[in-house]
Amino acid sequence: MKYHMLALAIVFSFNSYADQAVPVANAAEAEVVLPSQSADNVQQAQSDPADLTENAINDYMSDVQARVAKAGKSHSIQFFSGQASLNINRNDPDWAIFREQAIEEAVIKARESYLTTLNRDVVQEQFREFFSSKGKPEPTAADFQSEAGVTSLLDKAILLAETMLDKELVEQGIEPATFKKATPQIKRDLFRDAIGTKTLSKAYGDLSGMTVQQVYEFIREDGTGHIGVVMALSAKKREHIRALVESDGRVEPIPARANPEFANVSAGLAAIPEIYLEFGTKVFYDDKGYPMLVSFGQSGVRYTRDPDERDLEREDAHQFAIDNAYGALAATYNMNGDHVRESIQKSSKTKRETFELIKDGSVRKNSGAVRKAIMRESEALSSMTASIQGLTGVSVHHKWRKKHPITGKEMSGVVVVWHPVTVQNAELMQSGKSAAEIEAIMAPNEPNAPQNGGKVQGRKSVDRFDPEDF
């Protein structure tokens, strides 16, 4: 009797649980074109957001690869893409956070696609399992009192618990309260033949220098949709970024790359349209041609109607955005990763017989047909670590807060900038020189001081890809 009660406990415990479940894009040559959102980069359609994202990525990849080929650099620049679903309704208070995480997921998948091409180790194991049993004596009523019988009863309880809720039992004409009276069974295999393949794949390598070139999002009016990114990598870009970080600010300007839009860096960043589509670390040039590492970070603001809570949520999102921006900068400068995937695919043929204890003490035998089945199981783990130490000259130059144009959910972002002149200023301030000496040294190169489910809509970030930067 206690085993029957244990079986019931398993089922009701499960039912109770179930009821509760409810790039571094570089600036263009001398000019950086930052167009406003237009019909060219916004699509509206009834199509599947995943298909729209895939098509947009394919079109962009074809375009930039053609530009790279024309520049004679097909051998030195690689592109990788990643996508993520945004299956969350706009009414969820955390919608903006889920959107941010979807962008992160797409970036991780793009990095994984590159990582799996590096230092790959693969081990494959194939196996076959064969079992046949004939001539075993049929169980008697007494066997149902054995441990094997009890085990079979508990297996049945767990099986029912995993596949049916109380209401589903009722729909089948079974009262949950009568489950304890379920007929005990003993099952045993007569024949089993299975083959399978187990594959273990490992990859590791340097992810430094990978930069986000394009971000796409296709969102339905109900908030669900799809997000995709395209990242680029080249040895030249990796070396350029590392050289800047390790230069201690001793960098000469390149007048040919001067961009007057960044005479005031903060104002130039504030003028970027659709800034919520900017992600990761990029290289811009100021009005004198100094290269700047510009890192974009953002986070969603959890929705609340309470004014006090809203202030706290905004501050929380702002801090996460800062972490996001600095993390992106570190990842671009120095990131390493490991990827491990284990998969098993197995096909089997089995024949089973079942014995049921009838109320009068007799045993009924049922022999099933040969059943065929396919089993697939996979597990993947990626670990990516970035670090940067002793970095001087990085500060927040712009922070923003906007509502998403489709859902109205609030997003918070920051832009942190590494500027070589800022590094030089910091070093001079700690050098012990007088104010006059500092002014004399910095005057010629001093930049301007910074001033304080329905219709699908698609958006993409500004395309700043220039093959010459790679």
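Residues numbered from 1 in each chain as written. Predicted model: local features only at pLDDT ≥ 70, side-chain atom pairs only at ≥ 80, totals over all residues. Heavy atoms only, no water.

1. Examining the nonpolar core
Heads up, the condition is: Nonpolar cores are built from buried Ala, Val, Leu, Ile, Met, Phe, Trp, Tyr and Cys residues. Side-chain atoms within 4.5 Å join them into one set. Burial status follows relative accessibility: with a 1.4 Å probe on protein chains alone, a residue under 20% of its type maximum counts as buried, one over 50% as exposed, and anything between as partly exposed. Contact between two residues is taken to exist if any of their heavy atoms lie within 4.5 Å; hydrogens are not considered.
If you look at the biggest cluster of nonpolar residues, it comprises 42 residues, and the most contacted ones within it are L269, F284 and V294. Residues within four places of L269 in sequence aside, it is in contact with F262, I275, F284, V294, H397, H398, V415 and V417. Residues I241, V251, A325 and V394 belong to the second largest nonpolar core, which totals 17 residues.

2. Quick look at a negative patch on the surface
The cut-off we apply is this: The patch calculation keeps residues exceeding 30% relative accessible area without a salt bridge and links them within 9 Å when they carry like charges or within 5 Å when they are nonpolar (Val, Leu, Ile, Met, Phe, Trp, Tyr). Here the accessible surface of atoms and residues is derived via Shrake-Rupley with a 1.4 Å probe, and residues count as covered only by protein chains that are part of the display. Each reported salt bridge corresponds to a side-chain nitrogen of Lys or Arg within 4 Å of a carboxyl oxygen of Asp or Glu. His is not counted, nor are the chain ends; Lys and Arg add positive charge and Asp and Glu add negative charge. In plain terms, the charge of a residue is placed at NZ if it is Lys, CZ if Arg, CG if Asp and CD if Glu. Secondary structure elements are defined from DSSP: runs of H or I of at least 4 residues count as helices, runs of E of at least 2 residues count as strands, and each element is numbered from the N terminus.
Side chains of D306, D308, E309 and D311 sit close together on the surface and give a patch of like negative charge. Within the secondary structure layout, D311 lies in helix α8 (residues 307-333). Using a relative accessible area of 47% as the deciding quantity, one classes D311 as partly exposed.

3. Looking at the sheet that holds strand β8 (residues 291-300)
The cut-off we apply is this: One bridge is not enough; two strands pair if DSSP finds at least two bridges between them. As a rule, the C-alpha atoms of each element are fitted with a line to give its axis, helices using only the stretch in contact, and angles between N-to-C directions run from 0 to 180 degrees.
Overall, antiparallel pairing links the four strands, which are arranged β7-β8-β13-β12 in an open sheet. Of all strands in the sheet, those bounded by a partner on one side alone are β7 (280-285) and β12 (394-403). Adjacent strand axes in the sheet meet at a mean angle of 25° when their direction is disregarded. Relative to strand β13 (residues 410-418), β8 runs antiparallel, the two being bridged by eight bridges. Opposite S299, over in β13, you have S412 as the bridge partner.

4. Re the side chain of E100
Quick note on the threshold: Distance and chemistry together define a polar contact, namely a pair of N or O atoms within 3.5 Å, with one atom able to donate a hydrogen and the other to accept it when in protein, and with adjacent residues in sequence counting only for side-chain atoms on both sides.
Assignment of secondary structure puts E100 in helix α3 (residues 95-115). Notably, E100 is buried but unbridged: the nearest opposite-charge side chain belongs to R99, and the N-O separation is 7.7 Å. In terms of polar contacts, E100 uses its side chain to reach the side chain of Q101, at 3.4 Å. With residues near it in sequence (within four places) discarded, E100 still touches Q298, S299, G300 and N324.

Scope: geometric values only; no functional claims are made or implied.
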